[in-house]
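As a plain string of letters, each chain reads:
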Amino acid sequence: NSVNHLLHLLSSAHEYNELPVRHNEDLLNADLAKECRFSVFENSPYNSSHTKAYLLLQAHFSRLELPCSDYITDLKSVLDQSIRILMAMIDVAAMSGYLTTVLRLIQILQMISQAVWFDDASASFLPHVNSSVVQLLSKRLSSDIPELIYISKKESYQVFSKHLRLLLEEHQIIELFDVIQNLPLIEVSFVISQMEESESSDDDQGHVIKKRSFNVEAAFPNNSFRERKYYHFLPNCGYLLTLKLIRSQRLTKSGKVMEKAYVPMFPKPKDENWIVIVGDCDTQELIALKKIGPISSKNVQSVDLFFKTPETSARLIYSIFLLSDCYLGLDQQYELGLDVKV
């Protein structure tokens, strides 16, 4: 389940069978491996296409200088296929109920989209932001992405920029400000509906007999739904969890609105997609998963997930995740207490 192990599985996909390893590139791969975070797995030769894919992915996350132009072309090919492979891996892991594996695979999606490592500062994917700028943001504003979005919308550009002029040029601050303002901040609310089995064979999930609301709106910067309050649920009963989602409005200083995700290190334009998960963090079981596309800033978007309670009485904490497929630092997690008894 480690990131290293999953990267190895990703690079072992048959899609990379034909990744070229040209004359003497085994030597270049050996040199590149010395700069990479994770060592090449035992019995993985440097003239293997899969070893090269593994090294290129790591080079991408560390933003290493590649040895030649052929490697730049090869990296684009590796990245271009990686999203589809990872989505398939997520589907397989989700069907098996592997919560931790799915969460780590989504983390790798974010790493690939932004060319960063999972433990880098979340602000490190922003334009012109290096370790010095991260430190400055932490001291003067915030290095937390949701907080930065709030600040950029609440404060004027002048208030925002005065803290950064020590390290950045004005045009760089304008670009950074615009990107932050365009980042998605998702407001969340929940409705849970108890389901009754339908007599119709065409309706597997039945119909609603009772609704209850859990209001969680403008959740960032503090996820207020984390209180350990337990709600009564019936055993062996189906429930429909409906999330109401709306994206923060896009605003920029320069007037440029980015309709696609901000992914400057990815080889082609990409949408802001999301994944909603219900899971039991104690047992590491994935209960439900749904992939959704871009969330509108004009209309509330509803997302339904069906789950069933255990057959016997139990007290459970289910975690509800709203995860970005391309941004670090914007994932949300809420805890739902289930007191399952008749």
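Treat the numbers as computed from the prediction; the structure is a model and nothing was measured.

1. Structural notes on the overall build of the chain
For the chain, the helix and strand inventory stands at nine helices and nine strands. Residue burial in the chain is summarised as follows: out of 342 residues, 51% are buried. Partitioning the contacts of the chain with sequence separation of at least 6, the portion at a separation of at least 24 is 69%.

2. A short note on the environment of S161
With respect to the helices, strands and loops of the structure, S161 is situated in helix α8 (residues 157-161). For the pair formed by S161 and I174, sequence separation is 13 residues and the distance between their alpha carbons is 8.1 Å.

3. As for the sheet that holds strand β8 (residues 314-324)
Spatial ordering of the open sheet is given by β3-β9-β8-β5-β6, a layout of five strands whose pairing is mixed. Strands with a single pairing partner mark the edges of an open sheet, and in this sheet they are β3 (230-233) and β6 (285-292). Taken over all neighbouring pairs, the strand axes of this sheet differ in orientation by 25° on average, direction set aside. Sheet analysis places β8 next to strand β9 (residues 332-340), joined by nine bridges and oriented antiparallel. In the sheet register, I317 faces β9, and the bridge partner there is G337. Packed on one face of the sheet, helix α4 (residues 69-95) meets β5 (274-280) and β6 and runs near 145° to β6. Docked against the sheet, helix α5 (residues 99-114) engages β5, β6 and β8, running at close to 155° with respect to β5.

4. Describing the environment of F190
Along the chain, the position of F190 falls in strand β1 (residues 186-196). You can call F190 buried: its relative accessible area is 1%.

5. Some remarks on the pairing of β3
Of the two faces of β3, the one holding Y231 and F233 is buried and the one holding Y230 and H232 is not buried anywhere. Relative to β9, β3 is paired through four bridges, and the arrangement is parallel. Residue pairing across strands places Y230 opposite G337, the latter belonging to β9.

6. Some remarks on the packing of helix α3 (residues 49-62) against α4
Close contact between α3 and α4 brings their axes to 10 Å; oriented N to C, the two are set at 95°. When the axes of α3 and α4 are compared, the pair comes out roughly perpendicular. Together, K52, A53, L56, L57 and H60 of α3 and Y71, D74, L75, V78 and L79 of α4 make up the contact between the two elements. Of the residues in the contact of α3 with α4, the class split is seven nonpolar, one polar and two charged.

7. Some points on the confidence of the model for the chain
Within the chain, residue pLDDT values average 88, and 89% of them lie at 70 or more. Mean pLDDT per element in the chain: strand β2 (residues 207-214) is the minimum at 66, and α3 is the maximum at 98. For the stretch residues 217-222, pLDDT sits under 50, and the model shows 15 contacts to residues farther than four places along the chain or on other chains.

8. Focus on the environment of S324
Its place among the elements puts S324 in strand β8. Taking C-alpha positions, S324 is 9.9 Å from I292, a pair spaced 32 residues apart along the chain. A polar contact of 3.0 Å, which involves the side chain of S324, links it to the backbone nitrogen of C326. Of note is the side chain of S324, whose polar atom sits 2.9 Å from the backbone nitrogen of Y327.

9. Some words on the side chain of S142
With respect to the element layout, S142 can be found in the loop between α6 (131-140) and α7 (145-154). At 3.0 Å, the side chain of S142 and the backbone nitrogen of D144 are in polar contact. In this structure, S142 is in contact with L137, E147, L148 and I151, ignoring residues within four places of it in sequence.

10. Some remarks on the nonpolar core
Ranked by size, the top nonpolar core spans 80 residues in total, and within it L7, L10, I112, L126 and F160 carry the most contacts. At twelve residues, α4 tops the list of elements feeding residues into this core. Apart from the residues within four sequence positions on either side, L10 is in contact with Y16, L57, S82, I85, L86, M89, I108 and I112. Y231, C237, L305 and F307 belong to the second largest nonpolar core, which has 28 residues in total.

11. Describing α3
Here α3 spans 20 Å end to end across 14 residues, near enough to the 20 Å set by a 1.5 Å rise per residue. The element α3 is extensively covered by neighbouring structure, given that twelve of its 14 residues are classed as buried. Burial in α3 covers these residues: S49, T51, K52, A53, Y54, L55, L56, L57, Q58, A59, H60 and F61. Buried residues belonging to α3 abut α1 (3-11), α2 (25-35), α4 and α5. Positive backbone phi, approximately 55°, marks R63, located one or two places after α3.

12. Things to note about α5
Across its 16 residues, α5 extends 23 Å between first and last C-alpha, which sits within 8% of the 22 Å expected from 1.5 Å per residue. The buried fraction of α5 amounts to twelve of the 16 residues, a majority that puts the element mostly inside the structure. Of the positions making up α5, those classed as buried are L99, T101, V102, L105, I106, I108, L109, Q110, M111, I112, S113 and Q114. The inward-facing, buried residues of α5 abut α1, α3, α4, β5, β6 and β8. Immediately downstream of α5, the backbone of A115 shows phi near 55°, a positive value.

Rules and cut-offs
- Residues numbered from 1 in each chain as written.
- Predicted model: local features only at pLDDT ≥ 70, side-chain atom pairs only at ≥ 80, totals over all residues.
- Heavy atoms only, no water.
- Helix = DSSP H or I, 4+ residues; strand = E, 2+ residues; numbered from the N terminus.
- Buried < 20%, exposed > 50% of the residue type's maximum accessible area, 1.4 Å probe, protein only.
- Contact = heavy atoms within 4.5 Å.
- Pairing = 2+ DSSP bridges.
- Axes fitted to C-alpha atoms, helices over the stretch in contact; angles between N-to-C directions.
- Parallel < 35°, antiparallel > 145°, perpendicular 65-115°, else oblique.
- Nonpolar A, V, L, I, M, F, W, Y, C, P; charged D, E, K, R; others polar.
- pLDDT = per-residue confidence, 0-100.
- Polar contact = N/O pair within 3.5 Å; in protein donor to acceptor, adjacent residues only side chain to side chain.
- Core = buried A, V, L, I, M, F, W, Y, C linked by side-chain atoms within 4.5 Å.
- Expected span 1.5 Å × (residues − 1).

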